[in-house]
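Listed below are the residues making up each chain.
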Amino acid sequence: MTALGTTVDSAVTPVLRARGLTKNFTLRGGLFGRRRTLNAVDDVDLDLFAGQVTAIIGESGSGKSTVARLLAQLQRPTAGSIELDGAPVSVRGNKELRRYVARVQLILQDPFASFNPVHTMGYQLRRAVRIHSPELTPHQVEERVGQVLAEVNLTPARQYVDRYPHELSGGQRQRLSIARALTASPSVILADEPVSMLDVSIRLGVLNLLARLAAERNIALLYITHDIASARYFAEVAAVMYAGELVEGGSAEEITQHPTHPYTRLLISAAPDPDRPAASGPLRDAGAPPNLADPPTGCRFHPRCPFVMDKCRTTPPPVFPTGQAHWSRCWLHETPAGTARLAATPLNDPDPAVAGPAVQAPAPTGAQHTQTSQASPTLPSDGKKGLRS
Amino acid sequence: MTTNLLADVESGTTGQEDRPASRFGWLRGFRSARTLTGVVLMVLFVLMALLGPVFVRTDPSAVSDDVLSPPSGAHLLGTTHTGQDVLAQLIDGSRISLLTGFVAAALATVLSLLIGLAAGYLGGLSDELLSLLSNIFLVIPSLPLVVILTGALPEAGSLAIIIVISLTSWAWGARVLRAQTLSLRKRDFVEAARASGESTWRIIFREILPNQTAIVAATFLSTVIGAILTQASLAFLGLTDVTQWSWGGMLYWAQNSAALNYGAWWWFVPPGLCIALVGTALSLINFGIDEFINPRLRSAHIATKNARNKPMARRLPSDEAESDDTGASSPTHGDVVLEIRNLTVEYQTGGDPIRAVDDVSLQLRRGEVLGIAGESGSGKSTLAYAITRLHQPPARITGGQLLYTHPDGSRTDLLTLSGKALTAFRWEEMSIVLQSAMNALNPLLRIGVQIDDALQAHRPAMGAGARSARVRELLELVGIDPQRSAAYPHELSGGMRQRVMIAIALTLDPDVIVMDEPTTALDVVTQRQILQRIVSLKDRLHFAVIFITHDLSMLIELSDRIAVMYAGRVVEEAPAKHFYARPLHPYSQGLLASFPTLSGAKRVLTGIAGAPPDLGALPSGCSFRPRCPRAFDRCPVVEPPLLLLAPTGGSEDVAGRRQVACLLYDGADAGRSGTGSTGIPEKVQV
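What counts and how
- Residues numbered from 1 in each chain as written.
- Chains lettered and ligands numbered in written order.
- Predicted model: local features only at pLDDT ≥ 70, side-chain atom pairs only at ≥ 80, totals over all residues.
- Heavy atoms only, no water.
- Buried < 20%, exposed > 50% of the residue type's maximum accessible area, 1.4 Å probe, protein only.
- Helix = DSSP H or I, 4+ residues; strand = E, 2+ residues; numbered from the N terminus.
- Pairing = 2+ DSSP bridges.
- Contact = heavy atoms within 4.5 Å.
- Buried area = accessible area lost by both parts, 1.4 Å probe.
- Salt bridge = Lys/Arg side-chain N within 4 Å of Asp/Glu carboxyl O.
- Polar contact = N/O pair within 3.5 Å; in protein donor to acceptor, adjacent residues only side chain to side chain.
- Phe/Tyr/Trp six-rings, centres within 6.5 Å; stacked < 30°, edge-to-face > 60°.
- Axes fitted to C-alpha atoms, helices over the stretch in contact; angles between N-to-C directions.
- UniProt positions renumbered as here; feature names shortened; annotations may be inferred.
- Core = buried A, V, L, I, M, F, W, Y, C linked by side-chain atoms within 4.5 Å.
- Left-handed = near helix turned anticlockwise from the far one by under 90°.
- Nonpolar A, V, L, I, M, F, W, Y, C, P; charged D, E, K, R; others polar.
- pLDDT = per-residue confidence, 0-100.

**Q** Help me understand the pairing of strand 9 (residues 237-242) of chain A in this model?
**A** The side chains of a regular strand alternate, residue by residue, between the two faces of the sheet. Residue and element names in this part refer to chain A. Here strand 9 lies mainly inside the structure; six of its six residues are buried. Neither face of strand 9 is exposed, since Val 237, Ala 239 and Met 241 on one face and Ala 238, Val 240 and Tyr 242 on the opposite face are all buried. As paired strands, strand 9 and strand 10 (residues 245-251) are joined by six bridges and run antiparallel to one another. Bridging across to strand 10, Ala 239 finds its partner in Gly 249. Counted along the chain from strand 9 to the antiparallel partner strand 10, the turn is two residues long, and its residue Ala 243 has a positive phi close to 50°.

Laid out in structure tokens, this is it:
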């Protein structure tokens, strides 16, 4: 497996690359309480390529927003590295931060909260322009503001610059956040749930705008979302995040149509979908995501997994390739029998434990080893679960 | 490749009017009579201090023979026991009093700003040290400290007094500002500023500080009052330079000379009154300070006077005929548990009332799920509140009926109920589950107790044993282990809390449950679990659900029938399956073409151009017209009525009927709908 997808040559360096990204938060339990560590993001590898939309899909608390904040340098990773255009990034001090954020811009989820309510939109945009281009004259700043507003289809500019945030609609404000990001001419945009607070009829327009900018300006776009269906339409490459880890990755279409991780399958069967065959049974799920201060041993999904095996309880699964440009962190894929068992079980089977071929014909141990060693060389050498194109 | 699937809906501009904020918006702060009074009073006092000596040239210290004379032409406010002019003293004294007040408050405010902002924004050790400092100053009793400090200072001049007052009054403001800064620091716009590489001092002074202007101003004004009072007290106690005239100093001399015994009211009333009036004026300004500063509050004021929970005053003409009718008019009446008839809800604002729900008619049959879909501003939540009559004052039901059919077939118009009858009805027959409801549980009470409360209130005859059995039963119904009835809300996840709210809604076996976005704040998996629970409970207990959400794909899976709302009106009503297979209204078509699908082939998402309309400035004719790809010449002229389309089956049953408010399906223009060949039923005008 040399590349995910076919659009970009595998020799191309990603614009932004993260390896082993880990973030622990320390919780203080009162004056004499024990300090506990919350492992919000664990060993995440990520490659963002120019002109390509990459999605991270996850529920609240999965750590997906923390990944965005780590990449934006708003938080310092506990471990792991970030490379921008192949050069390691270490941001210390405001000057370096400015240089970095000129390339990597973050768009926040809540368009109502991400603008200062006491300043006009014009003030906030002009400020953003001045930070990135302090040499511009006031007239040029004004011109630049007009340009970025035109880029996000907010014209005429004068209709927006004199307004306060509360005077604009959610869709307009989210466009203004995008405009603010564009003042820097970034090569990476990290969009953290950019449309989840917008009305359904507005979302498409904002997503289209982001997609067009990524394509036209060759921006690498990270689209963080809880909506797996929107990732299918909007992203080329996607990864699913659960309890701080990326558990499955591949082309967005592959992941949504042929999910190979039990958690992805759960997400898909839970998502609203009027096209779903009426025959599909009730959702089979007990439990909720784990407490990250005390994550389960082995696979973090095992307490909820209908396919759970003994190994899952003790050993965290490595990454297994599950198809062309598709990988999954699930022990089932250690053997072809396991993969077949997963594939043979309907998405929402009431009790997969008694179904599937694996129960009847467990693979001999020897065969397992052969399979594993065959699988290994196909993994990307530099990152076991890298999202590559 | 992906982008090709997303068709060309990108434009953000709508037909919205160009109404940017006025530069002079802050002047609106003067609209309030209270604020205006305060400002005028304060201006008068400042003028008195500045210009008074120009007009009253009498020396306040000049002694005359005219002792203790009451107010007269020569001495407008009379004289003291040494014949000094009270008016001259009052004017001269106002300078010291106001100067001390404002300068001391300014110094104290600067101190509290520096310490409060630094502690709040920097956090860590600096926060702990600075907080410790302000806490120490807070627990020191300030008046004794002031007395000691003034006594200790070599000369008790005005400057010394000012410094002493500001040193003893900054701590409280610093604490408030620190708390504010802590919360502002976590806000997204501060995060956005940090993410853009803004420097720390700029974030503190340009992003955070302007958001605290109201608090800073309020702290400043109350410190002014406090400082004036402290100065007066000190002067009254004789701790200041008594040869310098101030209002407190005047009171000191009046007291020492037993003015009260002489009945010389003109001597001590004016300075006392001045102190009281300055305090009042500053307090009045303080009330209105938010309107000067917060750009959001400068916009139109919302009138809050209105009756809530009162029976509707205005009755519709058809009402009398309807009240004793048991449903002969409708063939399917026996099935309908709740009929919303021509319901109109308006928000009474400063200007014209805004119609959030406009002439909505819907029928809910027993045991069905009626889905109401709409975007923000469509009126769907207002409708939910109006149906349960929980709407808050600026909202008012101005027309229509809410006919509830009792199990025995008799009907009640809910809008005629009031007080106790309404409260009883609300939980017995109809309950409500809201999006925010899961945060509405009392954090101090165990969940079992909270369910028990509802039982105790409505079933006083029930014994403790029976109640606790019912609580266990209810928890089991919603899928919570009855053992957990002893849990506190914070021990439960969001999904579990929402289940508790559903259990509370089910407590009294209602016929109708109104659910307004009950699962929106939850994760997909939890959402699906709860929806499944609702459906299975509905099948078991036979209640009917009005389910309101913006998530159309979820609604189609869940509902029997769907009503789509736009700008306060129902624009389409149809059985869910038919609606999904063939939406009729261009808005419904746009909505369905807006959400990405998970299974099946990818389809082209066309979406809808523009943004939802402003209810205060709706376009003429059809409200959807400016965003409609199929609008034609009649659309701006005619407001489309809700047309009943005869179902293909020919039955007029509520369950199968389709209604749409679009001129494409009306009369001569029906051909334009372009769907004739696909089997759209013939339309029948109501």
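So that's the structure; there's more coming.
**Q** Teacher, can you tell me more about the interface of chain B and chain A here?
**A** Many descriptions give the size of an interface as the accessible area lost when the pieces come together. Facing 73 residues of chain B, the contacting portion of chain A comprises 72 residues. Here chain B meets chain A over a buried area of about 6,600 Å², counting both sides, of which 52% is carbon and sulfur. Run the count over chain B and chain A and you get four salt bridges. Residue Arg69(A) is joined to Glu191(B) by a salt bridge in which the shortest nitrogen-to-oxygen separation is 2.7 Å. Along the contact surface separating chain B from chain A lie 22 residue pairs in polar contact (both at pLDDT 80 or more).

**Q** Quick question: what am I supposed to make of the packing of aromatic side chains here?
**A** The geometry of an aromatic ring pair is captured by two quantities: the separation of the ring centres and the angle between the planes. Residue and element names in this part refer to chain B. Overall, the coordinates contain 14 aromatic pairs over all chains when judged by the stated rule. Ring geometry for Phe 45 against Trp 247: centres 5.9 Å apart, planes inclined by 65°, an arrangement best described as edge-to-face. In this pair, Phe 45 is assigned in helix 2 (residues 33-55) and Trp 247 in helix 11 (residues 247-256), connecting sequence segments 202 residues apart. For the pair formed by Phe 45 and Trp 247, the shared burial category is buried.

**Q** Is there a simple way to explain the environment of Val525(B) in this structure?
**A** Note that Val525(B) resides in helix 20 (residues 524-541). Each C-alpha atom of the pair Val525(B) and Gly495(B) lies 9.7 Å from the other, and the pair is 30 residues apart in sequence.

**Q** Mind showing me how you'd approach the sheet that holds strand 4 (residues 395-405) of chain B here?
**A** The strands making up a sheet associate through backbone hydrogen bonding, with each pair oriented either parallel or antiparallel. All names here are of chain B. Judged by pairing direction, the sheet is antiparallel, and its four strands sit side by side in the order 2-1-4-5 without closing on themselves. Across the chains shown, the open sheet's two edge strands, defined by having one partner strand only, are strand 2 (354-365) and strand 5 (411-413). Sheet twist, expressed as the mean angle between neighbouring strand axes with direction ignored, is 5°. Relative to strand 4, strand 1 (residues 336-347) runs antiparallel, the two sharing eight bridges. Paired with Val 345 across the two strands is Ile 397, which belongs to strand 4. The strands that helix 15 (residues 380-387) touches are strand 1, strand 2 and strand 4; relative to strand 1, the one it contacts most, it runs at about 115°.

**Q** Teacher, can you tell me more about helix 11 of chain B here?
**A** Each full turn of the α-helix corresponds to 3.6 residues, which orients residues three or four apart in the same direction. Listed as buried for helix 11 of chain B are Trp247(B), Gly248(B), Gly249(B), Met250(B), Tyr252(B) and Ala254(B). Ala258(B) occupies a position one or two residues after helix 11 of chain B and carries a positive phi of about 55°.

**Q** I tried to follow the UniProt feature "transmembrane region" (unreviewed entry) in chain B on my own but got confused; where do I start?
**A** All names here are of chain B. Annotation from UniProt places "transmembrane region" (unreviewed entry) at residues 36-56, 96-122, 129-153, 159-177, 214-237 and 265-289. Within residues 36-56, the helical portion is 95% and the strand portion 0%, while the C-alpha atoms at the span's ends are 28 Å from each other. Secondary structure across residues 159-177 divides into 95% helix and 0% strand, with the first and last C-alpha atoms of the span separated by 26 Å.

**Q** Honestly, the nonpolar core in this entry has me stumped. Any pointers?
**A** For soluble globular proteins, nonpolar side chains are generally found buried alongside one another. Leu149(A), Leu176(A), Ile178(A), Leu182(A), Leu221(A), Phe234(A) and Tyr263(A) are the most contacted members of the largest nonpolar core, which totals 70 residues. Of the residues forming this core, the biggest block, eight residues, is contributed by helix 7 (residues 200-216) of chain A.

**Q** Just to check I follow, could you spell out the packing of helix 3 (residues 86-122) of chain B against helix 4 (residues 124-139) of chain B for this structure?
**A** Between two packed helices, what matters for the description is the angle formed by their axes and the separation of those axes. Residues and elements named next belong to chain B. Here helix 3 crosses helix 4 at 145°, and the two axes come no closer than 7 Å. The hand of the helix 3/helix 4 crossing is left-handed. Across the interface between the two elements, Ile 115, Ala 118, Ala 119 and Leu 122 from helix 3 touch Gly 124, Ser 126, Asp 127, Leu 130 and Leu 133 from helix 4. Tallied by class, residues from the contact of helix 3 with helix 4 come to six nonpolar, two polar and one charged.

**Q** Explanation requested: the confidence of the model for chain B in the structure shown.
**A** Keep in mind that low pLDDT regions are not for reading the predicted coordinates in detail. Residue and element names in this part refer to chain B. When the pLDDT values of chain B are averaged, the result is 79; 84% of them are 70 or greater. Note on residues 300-333: pLDDT under 50 across the span, and 58 contacts to partners over four residues away in sequence or across chains. Ignoring residues within four places in sequence, the model shows residues 675-686, a span with pLDDT below 50, making 28 contacts including any to other chains.

**Q** Quick question: what am I supposed to make of the sheet that holds strand 3 (residues 53-57) of chain A here?
**A** All names here are of chain A. In spatial order, the strands read 6-7-8-3-9-10-12-11; together these eight strands make up an open sheet with mixed pairing. What marks the edges here is a single partner per strand, and that holds for strand 6 (104-107) and strand 11 (320-323). Put simply, the sheet's adjacent strands are angled 20° from each other on average, direction ignored. Pairing analysis gives four bridges linking strand 3 to strand 9, with the strands arranged parallel. Opposite Thr 54, over in strand 9, you have Val 237 as the bridge partner. The strands that helix 7 touches are strand 3, strand 6, strand 7 (188-192) and strand 8 (220-225); relative to strand 8, the one it contacts most, it runs at about 155°.

**Q** What exactly am I supposed to notice about unusual backbone geometry here?
**A** Most peptide bonds adopt trans geometry, and most residues besides glycine take a negative phi value. The backbone of Asp509(B) sits at a positive phi, close to 55°, despite the residue not being glycine. The exposure class assigned to Asp509(B) is partly exposed, which follows from its relative accessible area of 48%.

**Q** Looking at this model, I keep getting lost on the side chain of Thr225(A). Mind explaining?
**A** Residues and elements named next belong to chain A. For Thr 225, the location among the structural elements is in strand 8. For Thr 225, a relative accessible area of 3% puts it in the buried group. At 2.9 Å, the side chain of Thr 225 forms a polar contact with the backbone nitrogen of Asp 227. Beyond its immediate stretch of four places on either side in the chain, Thr 225 contacts Ile 56, Ile 57, Gly 58, Lys 64, Glu 193, Ser 230 and Ala 231.

**Q** Just checking my understanding: could you explain the pattern of salt bridges for this structure?
**A** Pairing is possible between side chains that carry opposite charge, provided their charged atoms lie close to one another. One pass over the structure, following the stated rule, counts 42 salt bridges over all chains. Between Arg127(A) and Glu198(B) there is a salt bridge, with the nearest N and O atoms lying 2.8 Å from each other. Of the two residues, Arg127(A) is situated in helix 3 (residues 121-132) and Glu198(B) in the loop between helix 8 (188-195) and helix 9 (200-208); the pairing between them involves two chains. For the pair shown, Arg127(A) and Glu198(B) are each scored as buried. Across the pair Arg329(A) and Glu245(A) runs a salt bridge whose closest N-O atoms are separated by 3.6 Å. Separated by 84 residues along the polypeptide, Arg329(A) in the loop between strand 12 (326-328) and helix 12 (336-344) and Glu245(A) in strand 10 bring together distant segments of the chain. Here the two residues Arg329(A) and Glu245(A) agree in accessibility, since each one is buried. Three or more residues joined by partner-sharing salt bridges are found here, namely Asp335(B), Arg365(B), Glu368(B), Arg561(B), Glu573(B) and Arg657(B).

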